[in-house]
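Single-letter residue listing:
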Amino acid sequence: MRVPETTSAEAFERYVGGKCLRAGNGKAWHDIKAWIIAPPRNVDTLPLPAVSEPFLAWTLSGEAEFQEREGNQPWTTHQIKKGSFFLTSGGAPYDCRWKAVGPEPFQSMTVFIALPLLQRAMEEVFGADAPSARLRNLSAFYDAVLNSWMERLHEELMRRKASPLFLQGIAQAIVIHLARNYAETVNELSSGSPSLPGFKLRQITDWMAEHLAEEFNLDRLATEAGLSKFYFNRLFKSAMGVSPSHYQITLRMDEARRLLRETKKSVVEIALDVGYANPSHFAQLFRRETGLSPSDYRQQR
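Here we summarise the structure given alongside this text.

**What to know about the overall build of the chain**
Looking only at helices and strands, the chain has twelve helices and 14 strands in total. Against the globule reference of 19 Å for 301 residues, the chain gives a C-alpha radius of gyration of 19 Å, in line with a compact fold. Along the longest, intermediate and shortest principal axes, the C-alpha atoms of the chain span 60 × 45 × 40 Å. Considering the chain as a whole, with its 301 residues, one finds that 49% of them fall into the buried category. The contacts in the chain between residues at least 6 apart in sequence include a share of 74% that link residues at least 24 apart. Carbon and sulfur atoms make up 49% of the accessible area of the chain, which totals about 15,000 Å². Separation between the mean location of the 36 positive side-chain charges and that of the 34 negative ones in the chain comes to 4 Å.

Here it is, written out as structure tokens:
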């Protein structure tokens, strides 16, 4: 199966491999999405696409020697077991591989945080600095408080019918905890780090705005910048605080909001104008970014 450079939270599970044992579906899972996965015990190399939403991978059971890398960088090795977390804030596609250790089944739960909820948490924690606040990427760490909330989330996932109110509370608790403990401002992240020159960054962002309806292509952007794909992605995120793929989504949603306010085009026409051949996928992304459907947004404006 061809693996794209970027995908949505809903589609991410299909690229992980293994068997999906449980998935949170329905309106109750608006702010947070969860899957329980039983991956193969041994995987040589698994390429995974980037996603806009931050997500947690939580080891439910078993142990494994886990390795990850971005681009052609050296592999980084982690020993993971029940209760270990990975926090991924988005960015470039990456590769991973693992080998289960011991007889216990190797299972994990993946949890995605909706972007509007994350934005509200950042605003509460960082105030006026919220636009420059970003979650860090962390691997194989342990957090007793987060573990407790994930256990409650797991219990709710296993119920026949999940409680929307309970899930809303758990999602808010998790995202505030992440913002308080695992987020920094862009200035802190980029201090002392290399970044794209201002003129080059403006050249790239202007080009993206002019071609926002085109399919996202990290290779082409890196070529425009005269850098390798891996290095370009790192420098762009350091400068802008978000990955190139997420920045393109933001450009598309900004243009969609403008078209909904200023024109009488249908939602389908607007979806096509900003690069989405599937109106349903466009509507899902729009709701995730704004908290409203395109039709509701237009009606309110």
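**Topic: the side chain of threonine 7**
Along the chain, threonine 7 falls in strand 1 (residues 6–7). Ignoring sequence-local partners within four residues, the contact set of threonine 7 consists of Phe12, Tyr15, Pro49, Ala50, Val51 and Ser52.

**Describing the sheet that holds strand 10 (residues 94–101)**
With antiparallel pairing, four strands are arranged side by side in an open sheet as 4-10-7-8. Each end of this open sheet is capped by a strand with a single partner; those strands are strand 4 (42–48) and strand 8 (76–81). The mean inter-strand angle of the sheet, taken between neighbouring strand axes irrespective of direction, is 20 degrees. In the sheet, strand 4 pairs with strand 10 via five bridges, with the strands oriented antiparallel. Bridge assignment links proline 47 to a residue of strand 10, and that residue is aspartate 95.

**Some details on the environment of arginine 14**
Of note, arginine 14 is situated in helix 1 (residues 9–16). Between the C-alpha atom of arginine 14 and that of glutamine 119, which follows or precedes it by 105 residues, the distance is 27 Å.

**Brief notes about helix 8 (residues 229–240)**
In this model helix 8 runs 16 Å from its N-terminal to its C-terminal C-alpha over twelve residues, within 8% of the 16 Å that 1.5 Å per residue would give. Phe230, Phe232, Asn233, Leu235, Phe236 and Ser238 are the residues of helix 8 that are buried. Looking at the residues trailing helix 8, positive phi occurs at glycine 241, about 85 degrees.

**Things to note about the nonpolar core**
Counting 38 residues, the largest nonpolar core has Trp29, Leu56, Met109, Met122, Met150, Leu153 and Ile174 as its most contacted members. Listed by contribution, the elements that provide at least two residues to this core are strand 3 (32–38), strand 6 (55–61), strand 9 (85–88), strand 11 (107–113), helix 2 (115–126), strand 12 (133–135), helix 3 (144–158) and helix 4 (164–182). Ile37, Leu48, Phe66 and Trp98 belong to the second-largest nonpolar core, a separate cluster that totals 22 residues.

**Points about the pattern of salt bridges**
Under the definition given, this model contains twelve salt bridges. Taking the shortest distance from any N to any O, the salt bridge between arginine 152 and glutamate 155 comes out at 3.1 Å. Here arginine 152 pairs with glutamate 155, and both are found in helix 3, just three residues apart, close to one helical turn. Aspartate 219 serves as the salt-bridge partner of lysine 229, at 3.8 Å between the closest nitrogen and oxygen. Placement of lysine 229 in helix 8 and of aspartate 219 in helix 7 (residues 218–225) is noted, with a sequence separation of ten residues between them. In this structure lysine 229 comes out as partly exposed when scored by relative accessible area, which is 35%. Within this structure, Glu151, Arg152 and Glu155 form a network of salt bridges that share partners.

**Section: the packing of aromatic side chains**
The final tally for this structure, using the stated rule, is 14 aromatic pairs. When the centroid spacing of 5.5 Å and the interplanar angle of 80 degrees are considered together, the rings of phenylalanine 286 and tyrosine 297 count as edge-to-face. With phenylalanine 286 in helix 11 (residues 279–290) and tyrosine 297 in helix 12 (residues 294–300), the pair connects residues that are eleven residues apart, well separated along the chain. Comparing phenylalanine 286 with tyrosine 297 shows no difference in burial state: the two are buried. Taken together, Phe12, Trp35, Phe55 and Phe112 form an aromatic cluster joined through their ring pairs. Positioned over the ring face of tryptophan 75 is arginine 97, at 4.0 Å from the centre of the ring. The cationic tip of arginine 252 hangs over the ring face of tyrosine 276; the distance from NZ or CZ to the ring centre is 4.6 Å.

Cut-offs and rules
Residues numbered from 1 in each chain as written. Predicted model: local features only at pLDDT ≥ 70, side-chain atom pairs only at ≥ 80, totals over all residues. Heavy atoms only, no water. Helix = DSSP H or I, 4+ residues; strand = E, 2+ residues; numbered from the N terminus. Rg over C-alpha atoms; globule rule 2.2 N^0.38 Å. Buried < 20%, exposed > 50% of the residue type's maximum accessible area, 1.4 Å probe, protein only. Contact = heavy atoms within 4.5 Å. Areas by Shrake-Rupley, 256 points an atom, 1.4 Å probe, with all protein chains shown as cover. Lys, Arg positive; Asp, Glu negative; His and termini not counted. Charge placed at Lys NZ, Arg CZ, Asp CG, Glu CD. Pairing = 2+ DSSP bridges. Axes fitted to C-alpha atoms, helices over the stretch in contact; angles between N-to-C directions. Expected span 1.5 Å × (residues − 1). Core = buried A, V, L, I, M, F, W, Y, C linked by side-chain atoms within 4.5 Å. Salt bridge = Lys/Arg side-chain N within 4 Å of Asp/Glu carboxyl O. Phe/Tyr/Trp six-rings, centres within 6.5 Å; stacked < 30°, edge-to-face > 60°. Lys NZ or Arg CZ within 6 Å of the ring centre and 35° of its normal.

Everything listed here is a matter of geometry and, on its own, says nothing about what the molecule does.
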